[in-house]
Amino acid sequence: VHDEQTYVFVEVGGEIWIMAETLVSQVAASQGENAFAEWSKNIIKKVKGRELIGQTYRQLYSDESLPVVTGKHVTMEQGTGLVHIAPGHGYEDYLIGLKHNLEVFCPVNERGVFTEDIKDGALVGQRVMDADKIIIERLKREGLLVDESSLTHTYPHCWRCKKPVIFRATEQWFINLEHEYLRRKALDVIKKDVRWVPDWGETRIRDMVSSRPDWCVSRQRKWGVAIPALYCEECGHVVLDVRVIKKVEELVLDKGADVWFEKDAEDFLPDGFCCSSCQKTKFRKETDILDVWFDSGVSHEAVLKSHEDLTYPADLYLEGSDQHRGWFQSALLTAIGMNEEAPFKSVLTHGFVVDAEGNKMSKSVGNVIKPEEIMKKYGADILRLWVASSDYTDDIRMSETIVTQIVDAYRKFRNTLRYILGNLYDFNPVQNNVKLEELLEIDKWAMMRLKILSQKVHGFYKEHQFYKVYQEVHNFCVVQMSAFYLDVLKDRLYTAAKKSQARRSGQTVLYRMAEVLAKILSPILSFTTEEFWGFLNKTKEHEKSIHWERWPEMTDVKIDLEFMSRWDRILMFRDKVLKKIEEARSQKILGTSLEARVLIQTDPDMYKVLDAIRDDLFTIFIVSEVELTKGEKDNFKESIVVKRAKGDKCQRCWTYSESVGNHQEHTTLCGRCIAAIAEGE
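Residues numbered from 1 in each chain as written. Predicted model: local features only at pLDDT ≥ 70, side-chain atom pairs only at ≥ 80, totals over all residues. Heavy atoms only, no water.

### Focus on the overall build of the protein chain
- Tallying secondary structure elements over the protein chain gives 22 helices and 22 strands in all.
- Taking 26 Å as the expected radius of gyration for a compact globule of 681 residues, we find that the protein chain reaches 41 Å, considerably beyond that expectation.
- Based on the C-alpha atoms only, the size of the protein chain along its principal axes is roughly 130 × 80 × 45 Å.
- Going through the 681 residues of the protein chain one by one, you find that 41% of them count as buried.
- Partitioning the intrachain contacts of the protein chain with sequence separation of at least 6 by distance along the chain shows that 66% fall at a separation of at least 24.
- Carbon and sulfur atoms provide 50% of the accessible area of the protein chain, an area that totals close to 39900 Å².
- Charged side chains of the protein chain number 94 positive and 106 negative; the gap between the two group centres comes to 5 Å. (Helix = DSSP H or I, 4+ residues; strand = E, 2+ residues; numbered from the N terminus. Rg over C-alpha atoms; globule rule 2.2 N^0.38 Å. Buried < 20%, exposed > 50% of the residue type's maximum accessible area, 1.4 Å probe, protein only. Contact = heavy atoms within 4.5 Å. Areas by Shrake-Rupley, 256 points an atom, 1.4 Å probe, with all protein chains shown as cover. Lys, Arg positive; Asp, Glu negative; His and termini not counted. Charge placed at Lys NZ, Arg CZ, Asp CG, Glu CD.)

### Quick look at a nonpolar patch on the surface
- The grouping of Tyr91, Tyr94, Leu95, Leu98 and Val104 at the surface amounts to a nonpolar patch, some 460 Å² of accessible area in total.
- Its location among the elements puts Tyr91 in helix α3 (residues 91-99). (Patch = residues over 30% accessible without salt bridge, like charges linked within 9 Å, V, L, I, M, F, W, Y side chains within 5 Å. Salt bridge = Lys/Arg side-chain N within 4 Å of Asp/Glu carboxyl O.)

### Observations regarding the sheet that holds strand β2 (residues 15-20)
- Across the sheet, which stays open at both edges, the 3 strands sit in the order β2-β1-β3 with antiparallel pairing between neighbours. In this open sheet, the two strands that pair with only one neighbour each are β2 and β3 (43-48). Averaged over all pairs of adjacent strands, the angle between their axes in this sheet comes to 25°, without regard to strand direction.
- Summarising the sheet, strand β1 (residues 6-12) and β3 pair through 5 bridges and their orientation is antiparallel. If you follow Phe9 over to β3, its bridge partner there is Lys45. (Pairing = 2+ DSSP bridges. Axes fitted to C-alpha atoms, helices over the stretch in contact; angles between N-to-C directions.)

### Here we look at the packing of aromatic side chains
- Tallied over the entire structure, the rule returns 16 aromatic pairs.
- A centroid spacing of 5.7 Å and a plane angle of 55° characterise the contact between Phe273 and Phe283, whose relative ring orientation is tilted. Here the residue Phe273 occupies a position in the loop between α8 (259-262) and β12 (283-285), and Phe283 occupies one in strand β12, the gap between them amounting to 10 residues. Pair check on accessibility: Phe273 and Phe283 agree, each one buried. (Phe/Tyr/Trp six-rings, centres within 6.5 Å; stacked < 30°, edge-to-face > 60°.)

### Brief notes about empty space enclosed by the protein
- One pass over the structure, following the stated rule, counts 1 cavity of 30 Å³ or more.
- Counted as a void, the largest cavity has a volume near 30 Å³.
- The wall of the largest cavity is formed by Arg449, Ile452, Leu453, Lys456, Glu472, Phe476 and Gln480.
- Breaking the lining of the largest cavity down by element, the ones donating at least two residues are α15 (441-462) and α16 (466-495).
- Examining the composition of the lining of the largest cavity, we find that 4 residues originate from one element, α15, more than from any other.
- Of the residues assigned to the lining of the largest cavity, the class counts are 3 nonpolar, 1 polar and 3 charged. (1 Å grid on protein atoms, 1.4 Å probe; cavity = no way out; pocket = protein on both sides within 12 Å on 5 of 7 lines; lining within 4 Å. Points joined across faces, edges and corners; volume = space filled by probe spheres on them. Nonpolar A, V, L, I, M, F, W, Y, C, P; charged D, E, K, R; others polar.)

### Quick notes on the pattern of salt bridges
- Taken as a whole, this structure holds 35 salt bridges when the rule is applied.
- A salt bridge links Lys140 to Glu148, with the shortest nitrogen-to-oxygen separation between them at 2.8 Å.
- When its relative accessible area of 42% is taken as the criterion, Lys140 is described as partly exposed.
- Take Glu148: its relative accessible area is 42%, and that puts it in the partly exposed class.
- The partner of Glu595 in a salt bridge is Arg644, with the nearest N and O atoms 3.0 Å apart. Remark: Arg644 occurs in strand β20 (residues 639-644) and Glu595 occurs in the loop between α19 (561-586) and β18 (596-602); sequence separation between them is 49 residues.
- A residue is classified by how much of its surface remains accessible, and Glu595, at 15% relative accessible area, is buried.
- Salt bridges here are not isolated pairs; linked through shared partners, they connect Asp120, Arg138 and Glu142.

### Quick look at a negative patch on the surface
- On the surface, Glu64, Glu103, Glu116 and Asp117 cluster together into a negatively charged patch.
- Among the structural elements, Glu116 can be located in the loop between α3 and α4 (131-141).
- For Glu116, a relative accessible area of 66% gives the class exposed.

### Comments concerning the nonpolar core
- Membership of the largest hydrophobic core comes to 93 residues, with the highest contact counts inside it found for Trp445, Val473, Tyr485, Met513, Leu517, Trp567 and Phe621.
- Ignoring any residue separated from it by four or fewer positions in sequence, one finds Trp567 in contact with Glu441, Ile442, Trp445, Phe484, Ile613 and Ile620.
- In this structure, Ile190, Val194, Leu333 and Ala342 belong to the second largest nonpolar core, which totals 26 residues. (Core = buried A, V, L, I, M, F, W, Y, C linked by side-chain atoms within 4.5 Å.)

### Some points on the sheet that holds strand β10 (residues 230-232)
- On the basis of which strands lie adjacent, the open sheet formed by 3 strands has the order β11-β10-β12 and antiparallel pairing. Since the sheet does not close on itself, it has two edges, and those belong to β11 (238-239) and β12, each with one partner.
- Of the strand pairs in this sheet, β10 and β12 are connected by 3 bridges, and their pairing is antiparallel. Bridged to Leu230 within β12 is Lys285.

### A word on the packing of helix α5 (residues 182-192) against helix α11 (residues 327-339)
- The geometry of α5 relative to α11 is characterised by a closest axis approach of 10 Å and an angle of 110° between their N-to-C directions. Classified by the interaxial angle, the pair formed by α5 and α11 is roughly perpendicular. In the crossing of α5 with α11, the sense of the turn from one axis to the other is right-handed. Taking contact as the criterion, the partners of Leu182, Lys185, Ala186, Val189 and Ile190 in α5 are, on α11, Leu332, Leu333, Ile336 and Gly337.
- Looking at side-chain class alone, the contact of α5 with α11 contains 7 nonpolar, 1 polar and 1 charged residues. (Parallel < 35°, antiparallel > 145°, perpendicular 65-115°, else oblique. Left-handed = near helix turned anticlockwise from the far one by under 90°.)

### Considerations on the packing of helix α12 (residues 371-378) against helix α14 (residues 400-422)
- At a minimum axis distance of 13 Å, the contact between α12 and α14 shows a crossing angle of 40°. Our classification of the angle between α12 and α14 gives oblique. Judged by the sense of rotation from one axis to the other, the crossing of α12 with α14 is right-handed. Across from Ile374, Lys377 and Tyr378 in α12, the residues of α14 making contact are Glu400, Val403 and Val407.
- Tallied by class, residues from the contact of α12 with α14 come to 4 nonpolar, no polar and 2 charged.

### So, the pairing of β1
- Most of β1 is tucked away: 6 of the 7 residues are buried.
- Bridging between β1 and β2 involves 6 bridges; their strand directions are antiparallel. What sits directly across from Phe9, in β2, is Ile18.
- Where β1 hands over to β2, the hairpin turn is made up of 2 residues, of which Gly13 adopts a positive phi near 55°.

As structure tokens, this is what we get:
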């Protein structure tokens with residue numbers, strides 16, 4: 001009964017029936033339309049459930065008297081408000097039975113058949129589910145059945161054969177989580193010694209360890225790792241003797257784990273061994289195996305401590321979000337039990353791969369995308385890039401469309417590397433390198449951006465935030481480099497004198513960029529970066545493989561915040577200029593940006609910033625000419641005017657200049673290109 005509910009004694013046909021007050025109408029409805037009205041007049045007594053404690057009742061199948069007990073799982077939704085319990089056939093019932101010292105009665109064997117313990121010849125040998133009809137018919141014959149009806153409700157089924165599960169109490173092997181404060185130690189380690197990624201993993205596993213019951217480590221299966229226990233044939237005493245365990249250990253190391261099933265019990269006993277309880281010498285082997293979670297849980301012992309090149313504890317364990325209940329927990333408990341410490345420094349939890357709509361992938365549904373199919377069609381690096389680009393803290397979506405997007409992103413990375421490599425064909429990193437302090441301003445900016453990228457990405461890798469690595473490198477390659485720096489650099493690389501300071505300055509940055517990008521992308525684009533590394537002009541300090549290289553620290557590059565702030569202003573002003581150029585193009589004033597002449601008037605402060613790089617403005621804006629003037633401080637209005645460039649198009653650099661045609665020999669070249677030729681290409 002429920003201790004807080006009210007129960008009534010109702011006189012029905014000369015008998016006294018007991019039921020919950022709130023359920024009287026339901027029970028009466030099963031006995032006819034007028035039953036409730038009649039019963040309401042015949043209520044003899046009302047009591048709280050707790051007042052029934054200590055009362056006894058006679059069990060239907062025997063004359064045995066059993067006690068009335070209370071349980072919080074008794075509900076008032078249906079039935080009578082009194083619930084039969086079977087401590088041998090249900091978890092809540094078992095706990096109530098332990099609390100009230102009831103017999104754990106289990107008259108059902110491992111085949112789901114009633115044993116002779118049931119003390120009813122009609123039921124012995126019957127399958128539990130088949131016996132329902134026999135029991136109901138007997139109750140009817142003896143006048144003990146008030147009503148019968150069918151209910152549809154949630155009930156556990158076997159995940160393989162889909163048949164309903166029969167609960168039964170059996171003897172099992174357990175790890176007592178309170179023994180030597182195992183649970184408390186685990187909770188302390190979870191909080192103090194382990195880094196959880198994402199951080200909600202700590203709360204999840206802490207709650208599970210706090211509330212979990214003792215760990216049942218035995219399973220009744222025909223395969224697996226045996227529990228090396230012996231039983232005395234005479235008295236049933238369990239033998240867990242260190243000498244026996246050592247003998248088992250020696251034989252397993254020599255013959256393998258199946259030796260337990262292959263040899264007799266006597267083969268695992270030391271000479272002269274006898275039962276410590278009855279001194280008999282006949283024993284039988286335990287047939288239960290260890291829970292597979294115990295097997296995987298102790299992998300830290302089997303792997304980390306048996307390989308000299310590995311360290312204990314592991315740097316990282318990673319698995320799906322269901323493993324806080326499984327592997328993460330079994331590894332933690334076994335390690336603390338054996339070594340008094342966690343088997344891992346960090347634990348990373350990831351979601352599961354689903355389709356584009358967020359549905360679980362299933363062969364029967366036909367929405368499975370196999371990794372080998374992606375690799376066969378696009379290569380392994382595409383698959384690796386997709387994984388790295390995904391926020392694994394949630395379920396990860398996969399579809400052909402998503403793969404196509406990743407392929408596009410991969411091309412941008414690869415094309416950036418190809419562009420860099422193609423412009424380093426004549427660059428010797430030892431002979432042609434330009435000192436940092438001698439780099440052009442824009443090249444110094446690019447070098448600082450490169451170091452910032454390296455620092456950010458290093459932090460993201462340490463935090464296991466691989467999708468942020470992808471985002472940061474993608475932004476660097478596509479926005480900061482391809483859309484600006486590399487585009488601006490083309491003029492110098494293609495038109496400046498081959499060995500000029502200006503060209504070598506740009507190549508110096510490209511070489512450092514090649515090193516850094518290859519190294520920071522190598523954990524993700526393993527094959528692409530290895531291929532790229534093979535074509536790079538390396539020095540003797542470089543490793544043969546990119547995967548032997550260390551992280552690019554770039555300690556020689558200093559980040560000048562004032563300098564970077566000034567260049568942020570330049571880039572914002574550049575956006576204004578580009579917008580004006582696009583307007584001129586849409587108005588058919590010019591075709592390409594190189595046909596433009598830009599007239600700029602700005603405030604004294606911005607004038608000072610732009611004037612410092614006046615000679616480079618035409619390349620930064622990718623136009624043919626820039627005229628810069630300073631406005632009055634007190635009466636100023638910023639002005640950006642785009643006109644067609646003066647002069648003719650140079651056939652070498654494609655800029656427009658009035659100097660084209662002034663040279664007798666090179667009539668199609670501008671003065672800048674003629675000077676570059678004179679210096680020597």
